[in-house]
Amino acid sequence: MKILLSGTASDSHTWNLVYLRLFLEELGYEVVGLGPCAGAELLADACRRHAPDAVVLSSVNGHGYRDGLAAVRHLRADPHLAGLPVVLGGKLGVAGGGQDEDTARLLDAGCDAVLGDDLAALRGFLAAHTRREAVA
C-alpha cells in the first residue's frame, strides 16, 4: 500500500513528517513524502502523479482544521481523487474547545478519519484499508 504523507498548507514543521514516515515505513507501507506547507493544489497534483492508496495529512501548528478542510474539499472535488482515503492527524486548532465540531465538519467534508495524535488509530485505519485493498 502506497501512502502520500504531507503537512498542511500553513504548517512548516518537518519533525512530525519524519517521525510519521519512519512509523509508516516500519509498518511496511511505501511512503511518498510531499513535505511541509503543501497546499490543496500541490496535494492534488501529487495524488494524480503518485496514485497513492491513501493520504495522511499532519498538522502541528494548530491550523489543521482550516488547512485540512481546504485540502479534503479540493480532493473531493476532483472525480479521480474523490474516493481516495484521507486521514488527518495532529493539532486541529489553537483556541481549544470546538474539537468535536471541527472533527464533524472535516468528516462531513470528506475526511475518512480525524485522529489527533493517536498512532494506534492511524495504524488501525490503514490496516483496515489495506484489508479492503486486498479483497478488492
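Each residue is numbered by its place in its chain's sequence as written, counting from 1. The model is predicted, so local features are restricted to residues of pLDDT at least 70 and side-chain atom pairs to those at 80 or more, both for listing and for counting; the totals for chains, interfaces and linings are taken over all residues. For side-chain calculations, the full set of non-hydrogen atoms in the structure is used, while hydrogens and water are omitted.

Colleague: Mind showing me how you'd approach the side chain of N16 here?
Modeller: The helix count covers DSSP runs of H or I at least four residues long, the strand count covers runs of E at least two residues long, and both are numbered beginning at the N terminus. Secondary-structure assignment places N16 in helix 1 (residues 15–26). Type-normalised accessible area, obtained with a 1.4 Å probe on protein chains alone, sets the label of each residue: buried when under 20%, exposed when over 50%, and partly exposed for intermediate values. A residue is classified by how much of its surface remains accessible, and N16, at 5% relative accessible area, is buried. What makes two residues a contact is simply this: any of their non-hydrogen atoms within 4.5 Å. With sequence-adjacent residues up to four places away left out, N16 is seen in contact with S58, S59 and V60.

Colleague: Please clarify how the pairing of strand 1 (residues 2–7) should be interpreted in this entry.
Modeller: The two faces of the sheet receive side chains in turn, since in a regular strand these alternate between them. In terms of residue burial, strand 1 counts as a mostly covered element, since five of its six residues are buried. A pair of strands is considered paired only if DSSP assigns at least 2 bridges between the two. The sheet contact formed by strand 1 and strand 2 (residues 30–35) spans five bridges and is parallel. Bridged to L4 within strand 2 is V32. The handedness rule is simple: strands pointing away from the viewer, and a clockwise path from the first strand over the helix to the second, make the crossover right-handed. On the question of chirality, the crossover connecting strand 1 to the parallel strand 2 by way of helix 1 is right-handed. The sheet contact formed by strand 1 and strand 3 (residues 54–59) spans five bridges and is parallel. Note on strand 3: the bridge partner recorded for I3 is A54.

Colleague: Would you explain the nonpolar core in this entry?
Modeller: Generally speaking, soluble globular proteins have nonpolar side chains that are buried together. Of all hydrophobic cores here, the largest spans 22 residues; its most connected members are L43, V55 and L106. For this core, the secondary structure elements donating two or more residues are helix 2 (40–50), strand 3, helix 3 (64–77), strand 4 (86–90) and helix 4 (99–109). The dominant element in this core, judged by the number of residues it contributes, is helix 3, at five residues. With residues up to four places along the chain from it excluded, the contact list for L43 reads L4, S6, L34, V55, L57, A71 and L75. Here, nonpolar core means buried Ala, Val, Leu, Ile, Met, Phe, Trp, Tyr and Cys residues that are tied together by side-chain atoms lying within 4.5 Å of each other. By size, the runner-up hydrophobic cluster in this structure holds 16 residues, among which are L20, Y29, V31 and A54.

Colleague: What is the right way to look at the packing of helix 2 against helix 3 in this model?
Modeller: Relative orientation and spacing of two packed helices are given, respectively, by the angle between their axes and the distance between those axes. Contact geometry for helix 2 and helix 3: axes closest at 9 Å, N-to-C directions at 45°. Relative to helix 3, the element helix 2 lies oblique. Between helix 2 and helix 3 the crossing geometry is right-handed. Across the interface between the two elements, A40, E41, L43, A44 and C47 from helix 2 touch A70, A71, H74 and L75 from helix 3. Here an axis means a line fitted to C-alpha atoms, over the contact stretch when the element is a helix, while the angle between two N-to-C directions is reported on a 0 to 180 degree scale. These descriptions rest on fixed angle ranges, namely under 35 degrees for roughly parallel, over 145 for roughly antiparallel, 65 to 115 for roughly perpendicular, and the rest for oblique. Left-handed is the label given to a crossing in which the near helix is rotated counterclockwise from the far helix by less than a right angle, and right-handed is the label when the rotation is clockwise.

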